[in-house]
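The primary structure of each chain is shown beneath.
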Amino acid sequence: QVQLVESGGGLVQAGGSLRLSCAASGSIFSINVMGWYRQAPGKQRELVAAITSGGSTDYADSVKGRFTISRDNAKNTVYLQMNSLKPEDTAVYYCNADLSMLVGGRINYWGQGTQVTVSS
């Protein structure tokens, strides 16, 4: 059993900041990659940022220089600091984790999503 609990979404004005958190729990042996995806109405889900267990990061071009992903391995938690938010950042943000389980091998798991709305 795995849980990814997201928090930190909300409504913010353009230019503002939000910080998303995603905590993983369950029978996890290790977390390989954690990432944030987003899906705006009428659009496909897209990668926003990802971070490996070693700390290597990857960002969508549209958020480079504005968003920062980080993780606390001791807490099995990933964060997404979002600065200089734009209305086009409005979407449901989903946490994703690539996990090695104590039993059952490797799985990919999604959080329930958190709404981020940026007003102009």
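Quick note: structure is the one above.
Residues numbered from 1 in each chain as written. Predicted model: local features only at pLDDT ≥ 70, side-chain atom pairs only at ≥ 80, totals over all residues. Heavy atoms only, no water.

Chemist: Where do I start with the overall build of the protein in this structure?
Modeler: Scanning the protein for helices and strands turns up zero helices and eleven strands. N-terminal to C-terminal, the α/β element order of the protein is β-β-β-β-β-β-β-β-β-β-β. The C-alpha radius of gyration computed for the protein amounts to 14 Å, which stays within 12% of the reference 14 Å derived for 120 residues, consistent with globular compactness. Overall, the protein is about 45 × 25 × 20 Å in size when its C-alpha atoms are taken along their principal axes. Across the 120 residues of the protein, 42% fall into the buried class. In the form shown here, the protein has an accessible surface area of approximately 6300 Å², with 48% of it arising from carbon and sulfur atoms. Side chains of the protein give 10 positive and 8 negative charges; the mean places of these two sets differ by 2 Å. (Helix = DSSP H or I, 4+ residues; strand = E, 2+ residues; numbered from the N terminus. Rg over C-alpha atoms; globule rule 2.2 N^0.38 Å. Buried < 20%, exposed > 50% of the residue type's maximum accessible area, 1.4 Å probe, protein only. Areas by Shrake-Rupley, 256 points an atom, 1.4 Å probe, with all protein chains shown as cover. Lys, Arg positive; Asp, Glu negative; His and termini not counted. Charge placed at Lys NZ, Arg CZ, Asp CG, Glu CD.)

Chemist: Can you walk me through the packing of aromatic side chains in this structure?
Modeler: The way to describe two aromatic rings as a pair is by their centre distance and the angle between their planes. Inspection of every chain in the model, using the stated rule, returns two aromatic pairs. Ring centres of Tyr-37 and Trp-110 lie 5.0 Å apart, and the angle between their planes is 65°; this geometry places the pair in the edge-to-face category. With Tyr-37 in strand 4 (residues 28-39) and Trp-110 in strand 10 (residues 106-110), this residue pair connects regions lying 73 residues apart in the sequence. Taking relative accessible area as the criterion, Tyr-37 reaches 24% and is therefore assigned partly exposed. Between Tyr-94 and Trp-110 the ring centres are 6.4 Å apart and the planes differ by 85°, which places this aromatic pair in the edge-to-face class. Of this pair, Tyr-94 sits in strand 9 (residues 91-101) while Trp-110 sits in strand 10; the two residues are 16 residues apart in sequence, bridging distant segments of the chain. By relative accessible area, which is 34% here, Trp-110 ends up partly exposed. In textbook terms, an aromatic cluster arises when at least three aromatic residues are bridged by ring pairs, as seen for Tyr-37, Tyr-94 and Trp-110. Positioned over the ring face of Tyr-94 is Arg-45, at 3.7 Å from the centre of the ring. (Phe/Tyr/Trp six-rings, centres within 6.5 Å; stacked < 30°, edge-to-face > 60°. Lys NZ or Arg CZ within 6 Å of the ring centre and 35° of its normal.)

Chemist: Explain unusual backbone geometry here, please?
Modeler: Where the residue is not glycine, phi is negative for most of them; where a peptide bond is considered, it is trans in most cases. The phi angle at Asn-76 is positive, at roughly 50°, despite the residue not being glycine. Structurally, the position occupied by Asn-76 is in the loop between strand 7 (67-72) and strand 8 (77-82). We note that Ser-84 has phi near 50°; this positive angle belongs to a residue other than glycine. Structurally, the position occupied by Ser-84 is in the loop between strand 8 and strand 9.

Chemist: How do you make sense of the side chain of Ser-100 when you look at a structure like this?
Modeler: Its place among the elements puts Ser-100 in strand 9. A polar side-chain atom of Ser-100 sits 3.3 Å from a polar atom in the side chain of Asn-32. (Polar contact = N/O pair within 3.5 Å; in protein donor to acceptor, adjacent residues only side chain to side chain.)

Chemist: Would you explain the nonpolar core in this entry?
Modeler: In this structure, Trp-36, Leu-80, Met-82 and Tyr-93 are the most contacted members of the largest nonpolar core, which totals 32 residues. Of all the elements in the fold, those that place two or more residues in this core are strand 1 (2-7), strand 3 (18-26), strand 4, strand 5 (46-52), strand 7, strand 8, strand 9 and strand 11 (114-119). Counting residues per element, this core draws most heavily on strand 9, which supplies six residues. (Core = buried A, V, L, I, M, F, W, Y, C linked by side-chain atoms within 4.5 Å.)

Chemist: Just to check I follow, could you spell out the pairing of strand 1 for this structure?
Modeler: The side chains of a regular strand alternate between both faces of the sheet. Burial along strand 1 is one-sided: the residues Val-2, Leu-4 and Glu-6 are buried and none of Gln-3, Val-5 and Ser-7 is. Sheet topology places strand 1 next to strand 3; six bridges connect them, and they run antiparallel. Each residue of the ladder has a partner; that of Val-5, found in strand 3, is Ala-23. (Pairing = 2+ DSSP bridges.)

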